[in-house]
Amino acid sequence: MEFYRFGLCLLLCSHPLLAELYWSHIPEVGSVQLNELSSEQHDLLAEHLKLSAEETTEWLTELPELLDALSCSTLDAQAQALPASVDASYKLVGYAGVLKLYADDKSKKTIWWLPWDLLAVLAQLKDQLTDLDQQMHQPLLLTEQQLGIKGQLIIVSGSSNKSPLYFALELSSLEQPELLWSVSSTTTGFDDLAGAMAQPLMLLHATNKPALPAVSLLLPNTAATERTLVYKVDLNTGAIQARLSTDQNISELSGAMTLYDHNRDSNAESLIFSTKAGQIWLAHMENNQFYDVKAIADLSGLKFSDIQFIRTLYAAVPVGGSGSDFHSRRSQWLVLLGALQQQNSVFVVLKQQDGQLSGSTDLVDRTLPKAPELAVLTPQHWQHIQQKNGWYSQLAGRLTHMPVVAAGVVYLTLLKQSADHLCSLEQSSSALMALHLHHASAVYRDPILPLDEAVGALKVKANTQGGFALIEQNRQQVLIENMLEISPDCTHCSKTIQQGSFPRWQLMGTYQNEEGAYE
């Protein structure tokens, strides 16, 4: 039998599983390549999978086919590019906790990270990837600029609700990923963790040292729960620093949340989070304490199935007047929200009203008609929008990335999947959409621009004509050569953005404690 095991190990070590690398972390052993296991590691894997040695060898042989079946090219549209300090040619995408690092250059190996706790349920994850009623949140990337350590990259990811866990990987090089920590319901202090389908949120803390602030993470508990809603943990160890709990009836938390710096002093004092149905909550934070949890909006009347993202934006919002111009304005906070509804996305702009609970009836439906050129914003329409607390627009597809707001225009990337081929990018259609921030009307002649292929995250870049272009960040593809900005001259006026009119000064924050500035 020992000779047989030695032969299996020799076979596996001599013939790697295709041209891909499969990494995992064996508890109390460390990070290992599943295609280069020793005989002892092979036995540990067999014990973990509850298989015999022969069945485990067969499982390893079938692993490439299993992961190929798990791959979902429509989800790959959400992939994030790695920084140049690691390898900018690689992109990262998460499949409910399984991580895939790949390059468009097929000569480069695809690298997989397979969490130990998910190995036994890999075949069950595809059902979640193709469930259009829920958002598949992508991992959080923390770069050397954020960490203050040259060449370091940390990836923090949630996982499937079938086997919920959060984990952090240190990826100083592609050849040697290392697990920093992993937490699940079996980890001390996390016994009520019931769901981890979320992108963790980074939280910076001011310290007494002149170095970079300390970094913590916020991890939402995304399944039905009456106990812990959010864990605050240490970035490097995963140790719990605080919990957000409440006696209020909050359940089925979404994986979307954002920090809120109400007084713009560079210290976020609140956390905004939401249930999957669209009940939006705010909790104050101070000194590792969460308190004063209150609802700020209930959009459950719009029948959302999940929330894709929440963000806040401080903007000059038109007020009053006859509705013919935008010259009367006041600055205030807006809450931007992307949600899923009947397998498509809905984009919401909500005016944050202190002490007032907004409902779905307080929003104006600004969905573009099938013939957008027929949409006319009348003075009556504009006055109606001003009297309400915001607007929403039902989109003809699914949002793939966080929208970009530039000069009063919202840019959204959409993907329309085939009902029969949900994971086939070739069977899907992509588009770029541009809407007016304040009333969701068209800004460009064509508000929806069909794209030949799905694009990555959007970025604004100066062009050679003295203006600005909208580009796709991964391939640097120009999507709009000359971007427009809204004009205060009338409710529908716009003009080409000129570089000469920037920068425009706006208070972003007040640094209250500054050390070493005059040394």
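As a starting point, this report considers the structure included with it.

Cut-off values and rules
- Residues numbered from 1 in each chain as written.
- Predicted model: local features only at pLDDT ≥ 70, side-chain atom pairs only at ≥ 80, totals over all residues.
- Heavy atoms only, no water.
- Buried < 20%, exposed > 50% of the residue type's maximum accessible area, 1.4 Å probe, protein only.
- Helix = DSSP H or I, 4+ residues; strand = E, 2+ residues; numbered from the N terminus.
- Arc of directions from axis to C-beta.
- Contact = heavy atoms within 4.5 Å.
- Patch = residues over 30% accessible without salt bridge, like charges linked within 9 Å, V, L, I, M, F, W, Y side chains within 5 Å.
- Areas by Shrake-Rupley, 256 points an atom, 1.4 Å probe, with all protein chains shown as cover.
- Salt bridge = Lys/Arg side-chain N within 4 Å of Asp/Glu carboxyl O.
- Lys, Arg positive; Asp, Glu negative; His and termini not counted.
- Charge placed at Lys NZ, Arg CZ, Asp CG, Glu CD.
- Disulfide = S-S within 2.5 Å.

Moving on: helix H7 (residues 379-387). Regarding H7, the residues found buried are Trp 382, Ile 385 and Gln 386. Around the axis of H7, the buried residues are gathered within 100° of arc, so they sit on the same side. Pointing more than 90 degrees away from the buried face of H7 are the exposed residues Gln 380 and Gln 387. Looking at the packing, one finds that the buried side of H7 touches strand S19 (306-318), strand S21 (344-351) and strand S23 (364-365).

There is a patch of like negative charges on the surface, built from Glu 54, Glu 55, Glu 58, Glu 62, Glu 65 and Asp 68. Turning to its location among the elements, Glu 65 is positioned in helix H3 (residues 53-70). Of the residues examined, Glu 65 reaches a relative accessible area of 61% and is grouped as exposed.

Counted under the stated rule, the structure contains two disulfides. A sulfur-sulfur distance of 2.0 Å marks the disulfide that ties Cys 72 to Cys 423. Handedness of the Cys 72-Cys 423 disulfide follows from its S-S torsion of about -95°: it is left-handed. Linking Cys 72 in the loop between H3 and helix H4 (73-76) with Cys 423 in the loop between strand S27 (409-416) and strand S28 (429-436), this pair joins segments that are 351 residues apart in sequence. For Cys 72, a relative accessible area of 1% corresponds to the buried category. Accessibility expressed as a relative area gives 17% for Cys 423, which makes it buried. At a sulfur-sulfur separation of 1.8 Å, the disulfide partner of Cys 490 is Cys 493. Classification of the bridge connecting Cys 490 and Cys 493 rests on its S-S torsion, roughly 110°, and on that basis the disulfide is right-handed. Cys 490 gets classed as buried once you look at its relative accessible area, which sits at 10%.

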